[in-house]
Amino acid sequence: MADQYSDFINTPFGKNVAKRLGLPAPVRLRRYEPGQILCESPVLVAGTGSYVASVRTLLTNAAVSVVDSLEELGDGRLGGVVLDLSDARHPSDLAALRELGAPAVKRLGRNARVVVIGTDHTQLTDPVQVATQRALDGFTRSLAKELRAGATANLVLGPVSEGEVSEQARANVGEAVRFFLSGRSAFVDGQPVRVSSAAAQANPSVDRPLDGQVAVVTGAARGIGAAIARTLHRDGATVVCVDVPAAGEALAQVAGEVGGTALQLDVTAEDAGRRILDHARGRHGGLDIVVHNAGITRDKLFVNMDESRWDSVMAVNLASIVQMNEALLGPDGLGDGGRMVCLSSQSGFAGNRGQTNYSATKAAIIGLVGALAPQVAERGITVNGVAPGLIETEMTGKMPFATREAARRLSSLQQGGLPVDVADTIAWLVQPASAGVTGQVVRVCGQNMIGA
Ligand SMILES: NC(=O)c1ccc[n+]([C@@H]2O[C@H](COP(=O)([O-])OP(=O)(O)OC[C@H]3O[C@@H](n4cnc5c(N)ncnc54)[C@H](O)[C@@H]3O)[C@@H](O)[C@H]2O)c1
């Protein structure tokens, strides 16, 4: 669905009109492309936490120039700011946020990135320490709402460590920082991600991090699913594309485009999980990544909700995943180091008028992901969710004009996302190097205020 307002505002005349009338001015977001430099240079890395040195090294290795102070910057603009406050343990330590952050934020360029590094407060017990670290969450969410011109702010929470932070924790936190600095996170804004020190394999390469992996994507014939299939293929994976027989033609086209295989299958079938495993093993020799993307909406106010609307949404969006997972996460399912991502939705967090059935299933996914993750952690399998906000697809093309327009503009990035934004977040979560992120749901919503 074309965003004509955004197209207009990005013409010289449109820019002028927006400025004079104080209208929202969405900018074209900097999205990931293979071979692209990680983020614009230079990046200011500041703070006294444990990750400052490793983040500097990461950036230098990615050919991004690093400055330690604004004096070093001269007259230029910053591509990003990384503020490491992982060692803050007392409210007085928070002064550094303003002292280091405020002058730097003034110097941000277009599509710049702010990444705050903290410590996972859910692992702390001292109330003062918990409060201090929790402050970073409110700070980052508010800052994200203030930034303009495509800039985002996100929070990476490293693990609590006894003494020195481990090399693995540094590497895992580094991977999350890398995601938030990159174009892959273009539509992720104001979000916290917790990172553990779980053992992780390095990605085989920067441009093809999924080389050698076999992935299955359900609902791959169109919309977000098709974008996920294309993105995982771009990143090196062999993709099995699943959709209902009625979408067979579009499915075959996507599968052909990505050099994968098509599997016509209704995910609500009793043997769906088994059939996916058999197909992936038979045709591609294994299965490493599962993306449960297939989903439907059957909206109606609750008082008018009929049985068929209720039951079909429950069956496709929730019951099918629970059922398929018996096979996919069973002893004969995903191997060690496997990855699973389930599609939730902003409605699962915030609810939505007319979507009691849909929101129930999407909230259920948040619960499912959180509870499954520890059960399979020993096998090195991660289970995460992604919750899109307004993404421009056929599904949202059917929304009433005024609702869609409000949803687009009332987000920090003042626009809807693209299917590729969801796909790139998933592509990051399923990388071998993302082993430190599990049991979480990352919102890909441009910090939509309607779903706050
Ligand atoms: N578009 C958005 O803004 C948005 C927002 C939040 C969440 N989501 C979620 O993202 C996912 C994809 O959404 P989309 O906008 O691309 O939807 P879409 O309707 O464009 O595509 C969904 C695909 O799933 C397939 N599908 C439906 N039922 C199936 C079944 N029983 N078995 C196999 N395949 C089936 C459809 O044929 C279709 O190809 C869904 O889970 C949706 O709930 C989308």
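Keep in mind that what you see is a predicted model, and the values were worked out from it rather than measured.

Novice: Please explain the sheet that holds strand 2 (residues 66–67) as it appears in this structure.
Specialist: Paired through their backbone hydrogen bonds, the strands of a sheet run either parallel or antiparallel. Overall, parallel pairing links the six strands, which are arranged 2-1-3-4-5-6 in an open sheet. Two strands lie at the open edges of the sheet, namely strand 2 and strand 6 (192–194), each paired on one side alone. Looking at chain direction, strand 1 (residues 43–47) and strand 3 (residues 78–84) are connected through five bridges and run parallel. Its bridge partner being in strand 3, leucine 44 is matched across the sheet by valine 81.

Novice: Sorry if this is basic, but what is going on with the pattern of salt bridges here?
Specialist: Working definition: two side chains of opposite charge can pair if their charged atoms are close together. All chains considered together, the criterion is met by 20 salt bridges. Between glutamate 40 and arginine 30 there is a salt bridge, with the nearest N and O atoms lying 3.3 Å from each other. Taken as a pair, glutamate 40 in the loop between helix 2 (12–21) and strand 1 and arginine 30 in the loop between helix 2 and strand 1 lie far apart in primary sequence, ten residues in all. Close ionic contact of arginine 184 with aspartate 424 constitutes a salt bridge, the shortest N to O distance being 3.2 Å. Taken as a pair, arginine 184 in the loop between helix 7 (167–181) and strand 6 and aspartate 424 in helix 16 (residues 419–429) lie far apart in primary sequence, 240 residues in all. As far as the burial class goes, arginine 184 and aspartate 424 line up, both buried.

Novice: For this particular structure, what's the right way to read the state of the cysteines?
Specialist: By the definition in use, this model includes zero disulfides. With no disulfide of its own, cysteine 342 lies closest to cysteine 241 among cysteine sulfurs, the gap being 18 Å.

Novice: I'm lost on helix 7 in this one. Help?
Specialist: Along an α-helix, a turn takes 3.6 residues, which lines up residues three or four apart on a common side. Helix length check: helix 7 (15 residues) gives 21 Å between terminal C-alpha atoms against 21 Å at 1.5 Å per residue, within 8%. Burial within helix 7 is extensive, with eleven of its 15 residues counted as buried. Where helix 7 is concerned, the buried positions are Ala169, Arg170, Asn172, Val173, Gly174, Glu175, Ala176, Val177, Phe179, Phe180 and Leu181.

Novice: I keep staring at the layout of surface pockets and nothing clicks. Help me out?
Specialist: If you roll a probe as big as a water molecule over the atoms, it shows you where there is empty space left. In this structure, the largest pocket spans a volume of roughly 1,400 Å³. Taken together, 49 residues make up the lining of the largest pocket; nearest its centre are Ile296, Thr297, Tyr358, Met395 and Thr396. At the level of elements, helix 8 (223–234), strand 8 (238–243), helix 12 (346–350), helix 13 (356–376), helix 14 (394–397) and helix 15 (401–409) are the ones that each hand at least two residues to the lining of the largest pocket. When its residues are assigned to classes, the lining of the largest pocket shows 21 nonpolar, 19 polar and nine charged. In terms of lining, the second largest pocket is formed by 24 residues, of which the most central are Leu38, Glu175, Arg178, Val206 and Asp207. Of all the elements in the fold, those that place two or more residues in the lining of the second largest pocket are helix 3 (52–61) and helix 7. If you tally residues by element for the lining of the second largest pocket, the top one is helix 7, at three residues. Broken down by class, the residue content of the lining of the second largest pocket amounts to twelve nonpolar, eight polar and four charged. When residues of the lining of the second largest pocket are assigned to domains, at least three map to each of domain 1 (37–194) and domain 2 (214–444).

Novice: Explain the packing of helix 10 (residues 272–284) against helix 11 (residues 307–328) here, please?
Specialist: Describing two packed helices takes the angle between their axes plus the distance from one axis to the other. Where helix 10 contacts helix 11, the two axes come as close as 7 Å, and the packing angle between them is 45°. Judged by the angle between their axes, helix 10 and helix 11 are oblique. The two elements helix 10 and helix 11 meet at a crossing, and its hand is right-handed. Every residue of helix 11 that contacts helix 10 at Ala272, Gly273, Arg274, Ile276 and Leu277 is listed here: Met324, Ala327 and Leu328. When the residues that make up the contact of helix 10 with helix 11 are grouped by side-chain class, the tally is six nonpolar, one polar and one charged.

Novice: Got a minute to help me understand the environment of glutamate 33 in this structure?
Specialist: Mapping glutamate 33 onto the fold places it in the loop between helix 2 and strand 1. You can call glutamate 33 exposed: its relative accessible area is 51%. Residues glutamate 33 and valine 43, ten residues apart in the sequence, show an inter-C-alpha distance of 20 Å.

Novice: Explain the domain arrangement of the chain here, please?
Specialist: Domain boundaries in the chain define domain 1 (37–194) and domain 2 (214–444). The gap between the C-alpha centroids of domain 1 and domain 2 is 29 Å. Residue-level contacts link 19 residues of domain 1 with 23 residues of domain 2. Between domain 1 and domain 2, a total of about 1,800 Å² is buried, with carbon and sulfur atoms accounting for 56% of that surface. Its largest share of buried area at the contact with domain 2, domain 1 owes to Arg184, Phe187 and Arg194, together 43% of the area lost on that side. Between the two partners, domain 1 and domain 2, sit two salt bridges. At the junction of domain 1 and domain 2, the tally comes to four residue pairs in polar contact (both at pLDDT 80 or more).

Novice: I keep staring at the side chain of threonine 393 and nothing clicks. Help me out?
Specialist: Checked against the element boundaries, threonine 393 lands in the loop between strand 12 (382–388) and helix 14. Sequence-distant contacts of threonine 393, defined by excluding residues within four places in its chain, comprise Gly223, Ile224 and Pro419.

Novice: In this structure, what is going on with empty space enclosed by the protein? I would like to understand it.
Specialist: Using the criterion set out here, one finds two cavities of 30 Å³ or more in the structure. For the largest cavity, the calculated volume is near 60 Å³. Along the walls of the largest cavity sit Ala25, Pro26, Val27, Leu147, Arg148, Ala149, Gly150, Ala151, Ser412, Leu413, Gln414 and Gln415, which together make up its complete lining. The class makeup of the residues in the lining of the largest cavity is seven nonpolar, four polar and one charged. Lining the lining of the largest cavity are residues from two domains, each supplying at least three of them: domain 1 (37–194) and domain 2 (214–444). Considering only enclosed or pocket space, the second largest cavity measures out at about 30 Å³ in volume. Lining the second largest cavity, in full, are Asn172, Glu175, Ala176, Val195, Trp428, Ala433, Ser434, Gly436 and Val437. Here the lining of the second largest cavity gets three residues from one element, more than from any other, and that element is helix 7. Along the lines of polarity and charge, the residues of the lining of the second largest cavity split into five nonpolar, three polar and one charged. Taken domain by domain, the lining of the second largest cavity gets at least three of its residues from each of domain 1 (37–194) and domain 2 (214–444).

Basis of the calculations
Residues numbered from 1 in each chain as written. Predicted model: local features only at pLDDT ≥ 70, side-chain atom pairs only at ≥ 80, totals over all residues. Heavy atoms only, no water. Pairing = 2+ DSSP bridges. Helix = DSSP H or I, 4+ residues; strand = E, 2+ residues; numbered from the N terminus. Salt bridge = Lys/Arg side-chain N within 4 Å of Asp/Glu carboxyl O. Buried < 20%, exposed > 50% of the residue type's maximum accessible area, 1.4 Å probe, protein only. Disulfide = S-S within 2.5 Å. Expected span 1.5 Å × (residues − 1). 1 Å grid on protein atoms, 1.4 Å probe; cavity = no way out; pocket = protein on both sides within 12 Å on 5 of 7 lines; lining within 4 Å. Points joined across faces, edges and corners; volume = space filled by probe spheres on them. Nonpolar A, V, L, I, M, F, W, Y, C, P; charged D, E, K, R; others polar. Domains from an automatic or database assignment. Axes fitted to C-alpha atoms, helices over the stretch in contact; angles between N-to-C directions. Parallel < 35°, antiparallel > 145°, perpendicular 65-115°, else oblique. Left-handed = near helix turned anticlockwise from the far one by under 90°. Contact = heavy atoms within 4.5 Å. Buried area = accessible area lost by both parts, 1.4 Å probe. Polar contact = N/O pair within 3.5 Å; in protein donor to acceptor, adjacent residues only side chain to side chain.

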